[in-house]
Amino acid sequence: MSTAVDASVAVTEQEDVENILGGKKVAVVFVLGGPGSGKGTQCSNIVEHFGFTHLSAGELLRTEIKSGSENGAMIENIINEGRIVPSEITIKLLQEAMIKSENDKFLIDGFPRNEENRAAFENIKLSPEFVLFFDCSEEEMGRRLLGRNQGRADDNIETIRKRFGVFVESSLPVIQYYDSKGMVKKINAAKPITEVFEDVKTVFQPYGPKATQMPSRE
Ligand SMILES: Nc1ncnc2c1ncn2[C@@H]1O[C@H](COP(=O)(O)OP(=O)(O)O)[C@@H](O)[C@H]1O
Ligand SMILES: Nc1ccn([C@@H]2O[C@H](COP(=O)(O)OP(=O)(O)O)[C@@H](O)[C@H]2O)c(=O)n1
Ligand SMILES: [Mg+2]
């Protein structure tokens, strides 16, 4: 879909941002966009060029299923229905991964996907530097998902429709919320991979591998 951003969403300031986790200062970029918009693909490129660590919320959840965790069956059911896993599970996996990492710059891909996800992130006193939003039509995203071939149980037409519905209903409002705070960098994701990355590079240039700290938002 073409996603006009609604600026009427109420803005509240997060007052207690520390951006400290496991004793280290961290910088986080949220990478958002509909299913199949190219989040994972572009994150790999960003990692290679700009020294971030890529954390895909969906990938962490899929690993949790495979690990035989007590929540595995529940997570699997939710993913297969295209719904969103309770935030306490996802935020815990993200937190653990950031603490375990030696890096301090993270791309968080596919999170927050709803208001509950967003609140969970605020509750651990973190705030993203900015939000990278891949904008793409449903038609193109659907084509990509059906051709993805990664053996994912949720890449079937029925679940894809549900995931699109959840994206419009629950995830877009989160993107609109950050946009109303001036934090969204929107990328036209309908173009070929290399062209999309050219635009992504422009956004990340100030955060190059040589930079030891993220420049401030101002
Ligand atoms: N710009 C693009 N043009 C065409 N195909 C793409 C593009 N970006 C990604 N793809 C392909 O589309 C599929 C979904 O991409 P992926 O990065 O997994 O998206 P997401 O993580 O947003 O679901 C993959 O098969 C990928 O190779
Ligand atoms: N924050 C998140 C991220 C993913 N998920 C689940 O994991 C599924 C796959 O997420 P993903 O990010 O790997 O999917 P893509 O957008 O990459 O296609 C989602 O459809 C949700 O069911 C979630 O519940 N909460
Ligand atoms: Mg992905």
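All figures in this text were calculated on a predicted structure; none of them were measured in a lab.

Parameters at a glance
- Residues numbered from 1 in each chain as written.
- Chains lettered and ligands numbered in written order.
- Predicted model: local features only at pLDDT ≥ 70, side-chain atom pairs only at ≥ 80, totals over all residues.
- Heavy atoms only, no water.
- Helix = DSSP H or I, 4+ residues; strand = E, 2+ residues; numbered from the N terminus.
- Core = buried A, V, L, I, M, F, W, Y, C linked by side-chain atoms within 4.5 Å.
- Buried < 20%, exposed > 50% of the residue type's maximum accessible area, 1.4 Å probe, protein only.
- Contact = heavy atoms within 4.5 Å.
- Axes fitted to C-alpha atoms, helices over the stretch in contact; angles between N-to-C directions.
- Parallel < 35°, antiparallel > 145°, perpendicular 65-115°, else oblique.
- Left-handed = near helix turned anticlockwise from the far one by under 90°.
- Nonpolar A, V, L, I, M, F, W, Y, C, P; charged D, E, K, R; others polar.
- UniProt positions renumbered as here; feature names shortened; annotations may be inferred.
- Near = heavy atom within 4 Å.
- Polar contact = N/O pair within 3.5 Å; in protein donor to acceptor, adjacent residues only side chain to side chain.
- Areas by Shrake-Rupley, 256 points an atom, 1.4 Å probe, with all protein chains shown as cover.

This next bit is on the environment of Ile157. As for its placement among the helices and strands, Ile157 is situated in helix H7 (residues 157–180). A C-alpha to C-alpha distance of 38 Å links Ile157 and Tyr207, two positions 50 residues apart in sequence.

If you look at the biggest cluster of nonpolar residues, it comprises 27 residues, and the most contacted ones within it are Val28, Phe30, Met98, Ile108, Phe111, Phe121 and Tyr178. Secondary structure elements with two or more residues in this core: strand S3 (27–33), helix H4 (87–100), strand S5 (105–109), helix H5 (115–123), strand S6 (130–135) and H7. The element contributing the most residues to this core is H7, with six residues. If we ignore the near neighbours within four places in the chain, the residues touching Phe111 are Phe30, Leu32, Ala57, Thr90, Ile91, Leu94, Asn117 and Phe121.

On to the packing of helix H2 (residues 57–66) against helix H3 (residues 72–80). Interaxial distance between H2 and H3 falls to 8 Å at its minimum, and their mutual angle equals 135 degrees. Classified by the angle between their axes, H2 and H3 sit oblique to one another. In the crossing of H2 with H3, the sense of the turn from one axis to the other is left-handed. Facing Leu61, Arg62, Glu64 and Ile65 of H2, the residues of H3 in contact are Gly72, Ile75, Glu76 and Ile79. Residues of the contact of H2 with H3, tallied by class, amount to four nonpolar, one polar and three charged.

A word on the UniProt feature "binding site: ATP" (unreviewed entry) in the chain. Those residues carrying the UniProt feature "binding site: ATP" (unreviewed entry) are Gly36, Ser37, Gly38, Lys39, Gly40, Thr41, Arg148 and Lys191 in this numbering. Position of Gly36 among the secondary structure elements: in the loop between S3 and helix H1 (39–50). Take Arg148: it is sitting in the loop between helix H6 (138–146) and H7.

Near ligand 1 you find 15 residues, and of these Gly36, Lys39, Thr41, Arg148 and Lys191 are the closest. Taking Gly36, its main chain carries an N or O atom lying 2.8 Å from an oxygen atom of ligand 1. Residue Thr41 places a side-chain N or O atom 2.5 Å away from an oxygen atom belonging to ligand 1. The fraction of the free accessible surface of ligand 1 (560 Å²) that becomes covered by protein chains is 78%. Taken together, the elements giving at least two residues each to the shell around ligand 1 come down to H1 and helix H8 (193–204). Per-element tally for the shell around ligand 1: the top contributor is H1, with three residues. When grouped by side-chain class, the residues that make up the shell around ligand 1 number five nonpolar, six polar and four charged.

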